[in-house]
Amino acid sequence: MPRPVKCRKVCHFPQILEFLPADDTEKNTPIILTVDEYETIRLLDKKGYSQEQCAASMQIARTTVQRIYEIARKKIADALIDGHPLRIEGGDFRICDGQSSNCSFGGCYKQEIYKKYAAEKGEGIMRIAVTYENGQIFQHFGHTETFKIYDVEEGKVVHSEVVDTNGSGHGALEGVLNALNADVLICGGIGGGAQTALAAAGIELFGGVSGDADKAVKAFINETLDYNPDVKCSHHEHNHGEGHTCGEHGCGSHSCH
């Protein structure tokens, strides 16, 4: 009987899910790099962790880290040398939400957030998070420095406050939203990786929204919010002109009805 695989904790989710070589990719079968394999590459090669530190961060055995790392390096080499597309998806992982006692080395901001917002919201409370800057919906999810969160009960905002993301940046903001116990995210542009991570966390996304944050939340409550259910725009995927914002991209809109 096979031994069950232990779920691996990851603190970072890739924003770009597929890397394509310059030549014709239709003839090439994509190589799949799992999210936990991606995390070992990030921690060992990018962050410079030792295998022991990587194992502690991911909450798995060092021998498991060594095995995952060897597989990941082989996949990346095959993709680079043979010209295969490299796609990041799947694997045995869970996104860190700050609940772990040893979430990361040097402290974890998500732990601080989780401790503050760990109390149950109650059945009647919906928590909405909005990418926020100077009263407006910030237009690039991965670069947002603050969220404004709104607790809604019986169709009314009963509490709101601005929360600093502490420079979490791309790939880690989904964990911040998890730690905030957010149910809904309203934002402008957002990449495919973030969308996948939010879906895995059970956070409902309303993207492609711009303008005043408070008014957007009011429109959401009234089921009149204009949003783009198929938002694709991201600074990773398009070359925007100067001053262009993803939420104002001509991708169409939708209503909450």
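Counting of residues starts from 1 at the beginning of each chain's written sequence and follows it residue by residue. With pLDDT at 70 or above as the cut-off, local features in this predicted model cover only qualifying residues; side-chain atom pairs require 80 or more to be listed or tallied, and sums for whole chains, interfaces and linings still use all residues. Hydrogens are left out, water is left out, and the side-chain values use all remaining heavy atoms of the structure.

- In the nomenclature of an unreviewed UniProt entry, the protein is known as DUF134 domain-containing protein of Oliverpabstia intestinalis.
- UniProt positions are given in the numbering used here, feature names are shortened, and annotations may be inferred rather than shown by experiment. In its Sequence similarities (unreviewed entry) section, UniProt records this for the protein: "Belongs to the UPF0251 family."

1. Focus: the sheet that holds strand S2 (residues 18-19)
Within a sheet, each strand pairs with its neighbour through backbone hydrogen bonds, oriented either parallel or antiparallel.
Line of reasoning, step 1. Should DSSP find at least two bridges between two strands, the strands are regarded as paired. For helices the rule is a DSSP run of H or I covering at least 4 residues; for strands it is a run of E covering at least 2, with both sets numbered from the N terminus onward. Strand order in this open sheet of three strands is S2-S4-S3, and the pairing throughout is mixed. Every interior strand has two partners, whereas the edge strands, S2 and strand S3 (31-33), have only one.
Line of reasoning, step 2. In the sheet, S3 pairs with strand S4 (residues 86-88) via three bridges, with the strands oriented parallel. For Ile32, the partnering residue across the bridge sits in S4 and is Arg87.
Line of reasoning, step 3. Note on definitions: a residue-residue contact is assigned when non-hydrogen atoms from the two residues lie within 4.5 Å. To get an axis, fit a line to the C-alpha atoms, keeping to the stretch in contact for a helix; angles then go from 0 to 180 degrees between the N-to-C directions. Seen against the sheet, helix H1 (residues 35-46) touches S3 and S4 and runs at an angle of roughly 70 degrees to S3.

2. A word on the nonpolar core
Line of reasoning, step 1. The biggest cluster of nonpolar side chains holds 19 residues, and the ones touching the most others in it are Leu33, Cys54 and Val65.
Line of reasoning, step 2. Elements represented by at least two residues in this core include exactly S3, H1, helix H2 (51-58), helix H3 (62-82) and S4.
Line of reasoning, step 3. Other than its neighbours up to four places away in sequence, Cys54 contacts Thr40, Leu43, Leu44, Tyr49 and Val65. In plain words, nonpolar cores are sets of buried Ala, Val, Leu, Ile, Met, Phe, Trp, Tyr and Cys residues tied together by side-chain atoms within 4.5 Å. Between buried and exposed lies partly exposed: a residue is buried under 20% and exposed over 50% of the maximum accessible area for its type, with that area taken using a 1.4 Å probe on protein chains only.

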